[in-house]
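Below are the chains, spelled out letter by letter.
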Amino acid sequence: MKKTFLSSVLVAIFLLTSCGKSENSSSSKDIKNSKSVFAMDTYITVTAYGEDTDKALKAAEDKITSLEKLWSVTDENSEIYAVNHSGGQTVGVSPETADLLDFALDMHNRTNGAFDISLYPVLTAWGFTTDEYRVPSDDEITALLENTGVDKINLDSQYVTIPADMQIDLGAVGKGYAGDLVAEELKSNGVKSALIDLGGNIQTVGTKPDGEKWKVGIRNPFGEGNFATLEIGECAVVTSGGYERYFVEDGVTYWHILDPKTGKPADSGIASVSVIGSEGRTCDALSTSLFVMGLDKSAELWKNSDDFEMIIVTSDGEIYITEGIADDFELSSNFAEPKVSVIGR
Ligand code: AMP
Ligand code: MG
């Protein structure tokens, strides 16, 4: 396992400056307006193109803030906090939270358990929720795993019940769904071209204002910069990687994505995985799960699906991309020639 890539905790994807056109252009389509909000543990920047986007951007900002208030694990007024402190009682939640919970339960099944929103107490034992990192003992992990398991969550329309000893966390899917809902908000406010950057995860509305595709960079998990660029239309690009949050103890690196079966950092031979698709929430849930599942199971899931494409960088530095994005994928010129394999159906 290469360790050098762990020197960086920067976000997974950077928007290249080539997105959008010069701001002194005379065309109204090219007018660019941005808003940044710190929410969901990251900076979210919404950039809209065209005239009169102030109202749309304000609506987008309000949407982000309201979703943060629903899903925060630490805000005592959030719906997730209420669920986690319900002592086993049923809690009524908003349509957005119910939708996302329902989706998260589906993704658990679709990924054969790799996606699991009930790991919060295990993540806390490792210190990933507090930054007070430590390696829990096997006995401690085994005891904590007793209280995990998505099948113990009961969702009945907008009413959710979880066992008193369980705590849930939508961190692996919330930003993706927020991207979907913010894109919807922008569209319903008349925006035809926009780019939402949720801490490196990208969601677009339409094309660039000149009708061209957007160009996004895919973060090099082994060091600084991007290893490739990808041209996209209206879609989401979401990346998960061990380098995003980790600690080192006694020479061993421990990262923030856990294998729900072991309660330990997933060690499937993947350094980073980017998922591309029309739904941000699907891409977000899948990027986390594919990281747990590893290359072969991810390829199998892709072959049986039609709603996503993926870019996987293995711990050995090999790159695998699915055929649906092969024409839009380009290695960066400054990246040493790695092996790129295209996965076909
Ligand atoms: P992401 O950055 O979207 O891949 O989400 C990673 C975050 O999701 C972690 O920091 C944890 O809070 C949480 N998490 C870790 N492992 C899992 C898992 N197997 N399923 C769902 N969420 C997880
Ligand atoms: Mg995710």
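Residues numbered from 1 in each chain as written. Chains lettered and ligands numbered in written order. Predicted model: local features only at pLDDT ≥ 70, side-chain atom pairs only at ≥ 80, totals over all residues. Heavy atoms only, no water.

With respect to the packing of helix H6 (residues 174–188) against helix H7 (residues 280–293)
Put simply, the rule is: Axis lines are fitted to C-alpha atoms, over the contacting stretch for helices. Their N-to-C directions set the angle, which ranges from 0 to 180 degrees. A run of H or I in DSSP becomes a helix once it reaches four residues, and a run of E becomes a strand once it reaches two; helices and strands are each numbered from the N terminus. Any angle that is under 35 degrees is reported as roughly parallel, and any over 145 degrees as roughly antiparallel; angles of 65 to 115 degrees are reported as roughly perpendicular and all others as oblique. The hand of a helix crossing depends on one turn: near helix anticlockwise from the far one by less than a right angle means left-handed, and clockwise means right-handed. Note on contacts: a residue pair is in contact if any heavy atoms of the two residues lie within 4.5 Å. Here the nonpolar group is Ala, Val, Leu, Ile, Met, Phe, Trp, Tyr, Cys and Pro; Asp, Glu, Lys and Arg are the charged ones; every other residue, Gly included, is treated as polar.
The contact between H6 and H7 brings their axes to 7 Å, and the two run at 165°. When the interaxial angle is binned, H6 and H7 end up roughly antiparallel. Between H6 and H7 lies a crossing of right-handed hand. Between H6, through Gly174, Lys175, Gly176, Tyr177 and Asp180, and H7, the contact on the second element is made entirely by Gly280, Arg281 and Asp284. Tallied by class, the residues present in the contact of H6 with H7 amount to 1 nonpolar, 3 polar and 4 charged.

Brief notes about the coordination of the magnesium ion (ligand 2)
Note the cut-off: Counted as donors are N, O and S atoms no farther than 2.8 Å from the metal, or 3.2 Å for Na, K and Ca; water is not among the atoms, and sites may therefore look incomplete. A 1.4 Å probe rolled over the protein chains alone gives each residue an accessible area, and that area as a share of the maximum for its type sets the label: buried under 20%, exposed over 50%, partly exposed in between.
Note on the magnesium ion (ligand 2): its protein donors are Ala172 (O), Asp284 (O), Asp284 (OD) and Thr288 (OG1). The metal-donor distances range over 2.0 to 2.4 Å. Of note, the magnesium ion (ligand 2) draws all its donor residues from one chain, in the sequence arrangement A-x111-D-x3-T. In this pair, Asp284 and Thr288 are both assigned in helix H7, 4 residues apart and thus about one turn of the helix distant. Across the pair, Thr288 and Asp284 agree in class, each one buried.

A word on the nonpolar core
One broad trend across soluble globular proteins is that nonpolar side chains are buried collectively. Just so we agree on the cut-off: Here the nonpolar core consists of buried residues drawn from Ala, Val, Leu, Ile, Met, Phe, Trp, Tyr and Cys, with membership extended through side-chain atoms lying within 4.5 Å.
In terms of nonpolar packing, the biggest core is built from 73 residues, with Trp71 and Leu186 touching the most fellow members. In this structure, Trp214, Ile232, Ile311 and Ile319 belong to the second largest nonpolar core, which totals 22 residues.

Let's talk about the confidence of the model for the chain
Keep this limit in mind: Confidence of the predictor in every single residue is expressed as pLDDT, which spans 0 to 100.
Confidence along the chain averages 91 in pLDDT terms, with 91% of residues attaining 70 or more. Segment residues 1–26: pLDDT under 50, and 72 contacts once partners within four positions in sequence are set aside and those in other chains are kept.

Details of the site of ligand 1
As a reminder of what qualifies: Any residue with a heavy atom positioned within 4 Å of a molecule or strand is treated as near that molecule or strand. Any pair of nitrogen or oxygen atoms within 3.5 Å is treated as a polar contact; in protein, a donor-acceptor pairing is required on top of that, and neighbouring residues in sequence qualify only through side-chain atoms on both sides. All accessibility values rest on the Shrake-Rupley procedure with a 1.4 Å probe; residue burial counts only the protein chains present in the view. A pocket here means an open set of points on a 1 Å grid, computed over the protein atoms alone, that has protein on both sides within 12 Å along at least five of seven lines. A cavity is instead a set of points where a 1.4 Å probe fits but cannot get out; residues with an atom within 4 Å of a point line either one. Here the criterion for a molecule occupying a pocket or cavity is that more than half of its atoms lie within 2 Å of the pocket grid points.
Close to ligand 1 lie 16 residues; Ala114, Ser240, His256, Leu258 and Thr288 are nearest. The separation between a nitrogen atom of ligand 1 and a polar main-chain atom of Asp116 is 3.0 Å. Here an oxygen atom of ligand 1 sits 3.1 Å away from a polar atom, N or O, in the side chain of Asp169. Within the complex, the protein chains bury 90% of what would otherwise be the 500 Å² of accessible surface of ligand 1. Counting atoms within 2 Å of the grid points, the majority share of ligand 1 lands in the largest pocket. Element by element, the count of residues in the shell around ligand 1 is highest for H7, at 3 residues.

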